[in-house]
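Chain by chain, the residues:
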Amino acid sequence: MQALARTLQGLAPLVGSIVERRQNEAWTAILEALVPDVPLPRHKLIEARMAADARKAVLEGGDWLTAAEVAKAAGFSASNPSTQPNKWKKDGQIFAVRHRGIDYFPGYGLDPATGYRPVKALAQVLAAFEGHKDDWARAYWFASVNSFLGGKRPQDLLLSKPDKVIAAAMDEVAGILHG
């Protein structure tokens, strides 16, 4: 009995420190809940609005397909429709932008003449942009008029003038590296 009493006496400071630590954590959590978040600086709000507008323009200005829609167009199995589009993406043959948790693949990156497989030139453009542009930046580039392409958008010329689009991508990267 005395051994149990001594053990409990030895645990008392430990239990006390655990209770005190938990009370401090609860106090900090309550304090953080009551104090509002630090507001974003005005320039960050402007940047966010511009990025949102750009993404909206990209999504509205092109034919964007889910993996299931790509699989259906290409005649792939409906049992696991994302397998082949995601393999193409992993292999650098196509890219996708992520919006609200869903990957959207560019319709202009698929060639109807080859059964809706990725346009061959797209892989070369994506390789040129590797390490320079993320997927959204690639989408912005494809959707923007390009002086190198006579004021046309790269997405509009990818099938008809692939060599020019590849050259425009190389020019873009040269500007990124040197400018």
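This text follows the structure it describes.
This one's a predicted model, so the numbers in the text were calculated from it and none came from an experiment. (Residues numbered from 1 in each chain as written. Predicted model: local features only at pLDDT ≥ 70, side-chain atom pairs only at ≥ 80, totals over all residues. Heavy atoms only, no water.)

## Some points on a nonpolar patch on the surface
Stated formally: Residues form patches when they are more than 30% accessible in relative terms and have no salt bridge. Like charges link within 9 Å. Nonpolar side chains (Val, Leu, Ile, Met, Phe, Trp, Tyr) link within 5 Å. Residue burial considers only the protein chains on display, and all accessible areas are found by Shrake-Rupley using a 1.4 Å probe. The salt bridge definition used is simple: a Lys or Arg side-chain nitrogen within 4 Å of an Asp or Glu carboxyl oxygen. Each helix is a run of DSSP H or I of at least 4 residues and each strand a run of E of at least 2, with the numbering of both proceeding from the N terminus. Accessible area is worked out with a 1.4 Å probe on protein chains only. A residue is then buried under 20% of its type maximum, exposed over 50%, and partly exposed in between.
Nonpolar side chains collect at one region of the surface, where W27, I30, L31, L34 and V35 lie side by side and expose about 560 Å² of accessible area between them. The topology assignment puts I30 in helix α1 (residues 2-34). For I30, a relative accessible area of 52% translates into the label exposed.

## What to know about the packing of aromatic side chains
Spelled out, the test is: Classification of ring pairs uses Phe, Tyr and Trp, with its six-membered ring standing for Trp, and accepts pairs whose centres are within 6.5 Å; under 30 degrees between planes counts as stacked, over 60 as edge-to-face, and the remaining range as tilted. We call a charge positioned above a ring when the Lys NZ or Arg CZ atom is no farther than 6 Å from the ring centre and deviates by at most 35 degrees from the ring normal.
In this structure the tally under the stated criterion is 8 aromatic pairs. Ring geometry for W64 versus Y108: centroids 5.9 Å apart, planes at 85°, classification edge-to-face. Remark: Y108 occurs in the loop between β3 (102-106) and β4 (110-111) and W64 occurs in strand β1 (residues 64-65); sequence separation between them is 44 residues. In this structure, W64 and Y108 share a single accessibility class: buried. Clustering of aromatic rings is evident, with ring pairs tying together W64, F95, Y108, F129, W141 and F142. The ring of F129 has K133 lying over it, and the distance from NZ or CZ to the ring centre is 5.5 Å.

## Quick look at the pairing of β3
Going by this rule: The criterion for strand pairing is that DSSP finds at least two bridges linking the strands in question.
The pairing of β1 with β3 spans 2 bridges and is classified as antiparallel. Following the sheet pairing, L65 is matched in β3 by F105. Note that strand β2 (residues 97-99) and β3 share 3 bridges and pair antiparallel. Considered in β3, the bridge of V97 is made with Y104. Connecting the antiparallel pair β2 and β3 is a turn made up of 2 residues, with R100 showing a positive phi of about 55°.

## Overview of the environment of L34
Mapped onto the elements, L34 comes out in helix α1. The exposure class assigned to L34 is exposed, which follows from its relative accessible area of 69%. Separated by 139 residues in the primary sequence, L34 and V173 place their C-alpha atoms 48 Å from one another.

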